[in-house]
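Each chain, written out:
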Amino acid sequence: MKSNLNYLIKCTGVNLNKFIEICRKECVEFVNIKRLKFNEIIFELNESSFKIFSKISFDNYQIEILKFGGVNKLKKFALWRLGLVVGLALSIAFLFITNNMIFNIKILGVDENVSGSVLNTLKDIGVDKYLRKPTNMTQIEDKLSETYNFSLVSAIIKGNALIINIKEEIDNNQENVCDIVAEHNMIINDIEVYSGYTNLKSGDVVYAGDVLVYARTSFDVESREIKPSAKINCSIFFVDKFNFYFNEKRYVRTGKKIILNEKFMIGDKTIIDNQKDNTFEYCEVEEINKKISNYFIPLSVVQEVAYETKEETFSHNFESEKNDIINSLKSSVHSMNTKGYEIEEENVIITDVAGGKLVTYFIKCNLQLRYN
């Protein structure tokens, strides 16, 4: 008779009829025998038959218990219920404790170096992550104002985070002197330098990020800093390219997946870490972050999932896809012209390459730039 308390067992080996005969000689009563393959069967046993079965030696057969039953199942069920009660009690206790703790400290308005120094100062007065929430915000503000030359400091508690807003003191007497740097790829048509130094001339090619005019009088030892000023007539280009292949190999997902790693976290601390082996030959791995709760306890699950892939070859017809490619490139190039410069020339170039085509789309704008 089929029962939820039966053991489910799989046996693998040669001559399974002999295996069944051995078991029956020992008075083992089978339930729901099913043959999966010529060398593999699954069956169920009740508690009494399982006790007899477990004492039999099967040297030539591989035995795998797929599901426990009988007393073992009842024990697991009882332990599961007890675990729920204990887990609930611990969660409530943990909730009361962590509700008065800091899990994150955010320093806003300063760079990383200053932020690190501020965190060390907070530690000196007993304020740090995973400690009790501070109750005196004025003490924190006064300590940071005394230690650093900040014009404004404010401290607030939001949830389990301490947020420090800082405004640094600005020295208004310091003049901001820096080089003139190219914002775009360009060809210099003409350049007039009123102050500063350059070695560029008409016809030179300049790339975005290159220095156009240096904030100095020369490259000599006696050079001094000076605010640069210049007028530049140039042609700038916005370009995008697309490599088209007649035959393209891609890895596509088969629909199968394995959760390789699953971490249950409180804040940035891992409390449970489950791992599995990757059995896929080819796969794509993604990390998925899921927030379970973001209130009193910041609970989250981080999963590393492997998706099985297989290689497939896709054929493309250039003539049927050409207009879509050009329109896509045109849209991309025009979106680069964020300042709306007047377009003097616009063109597309198609060249043959190994196994396909190279499509290049560009626009050219003539500009007169003035830097004071």
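The coordinates are above.
Residues numbered from 1 in each chain as written. Predicted model: local features only at pLDDT ≥ 70, side-chain atom pairs only at ≥ 80, totals over all residues. Heavy atoms only, no water.

A. Representation of the sheet that holds strand β10 (residues 205–206) within the structure. On the basis of which strands lie adjacent, the open sheet formed by five strands has the order β10-β9-β12-β18-β17 and antiparallel pairing. What marks the edges here is a single partner per strand, and that holds for β10 and β17 (345–353). Across nine bridges, the pairing between β17 and strand β18 (residues 356–371) is antiparallel. Directly across from E345, in β18, lies its bridge partner K364. Strands in contact with helix α6 (residues 318–336) are β12 (229–245), β17 and β18; relative to β12, the strand with the most contacts, it is inclined by about 155°. (Pairing = 2+ DSSP bridges. Helix = DSSP H or I, 4+ residues; strand = E, 2+ residues; numbered from the N terminus. Contact = heavy atoms within 4.5 Å. Axes fitted to C-alpha atoms, helices over the stretch in contact; angles between N-to-C directions.)

B. Summary view of helix α5 (residues 137–147). Those residues of α5 that sit buried are M137, I140 and L144. Buried residues of α5, seen end-on, are gathered within an arc of 65° and therefore sit on one face of the element. Where α5 begins, the capping side chain belongs to N136, and its oxygen is found 3.1 Å from the backbone nitrogen of Q139. (Buried < 20%, exposed > 50% of the residue type's maximum accessible area, 1.4 Å probe, protein only. Arc of directions from axis to C-beta. Polar contact = N/O pair within 3.5 Å; in protein donor to acceptor, adjacent residues only side chain to side chain.)

C. Representation of the pairing of strand β2 (residues 31–37). In this sheet, strand β3 (residues 40–45) lies alongside β2 in antiparallel orientation, the contact comprising four bridges. Paired with K34 across the bridge in β3 is I42. Linkage of β2 to β3, two consecutive antiparallel strands, is achieved through a turn of two residues.

D. Here's a closer look at the nonpolar core. Grouped together as the largest cluster of nonpolar side chains are 28 residues, with contacts concentrated most on M186, L212 and I236. Looking at this core, the elements that each hand over two or more residues are β9 (186–195), β11 (211–213), β12, α6 and β18. Take this core: its biggest share by element is seven residues, from β18. Filtering out sequence-adjacent residues up to four positions away, I236 remains in contact with H184, N185, M186, Y341, I363, K364, C365 and L367. With 18 residues, the next largest nonpolar core counts V114, F150, I164 and I166 among its residues. (Core = buried A, V, L, I, M, F, W, Y, C linked by side-chain atoms within 4.5 Å.)

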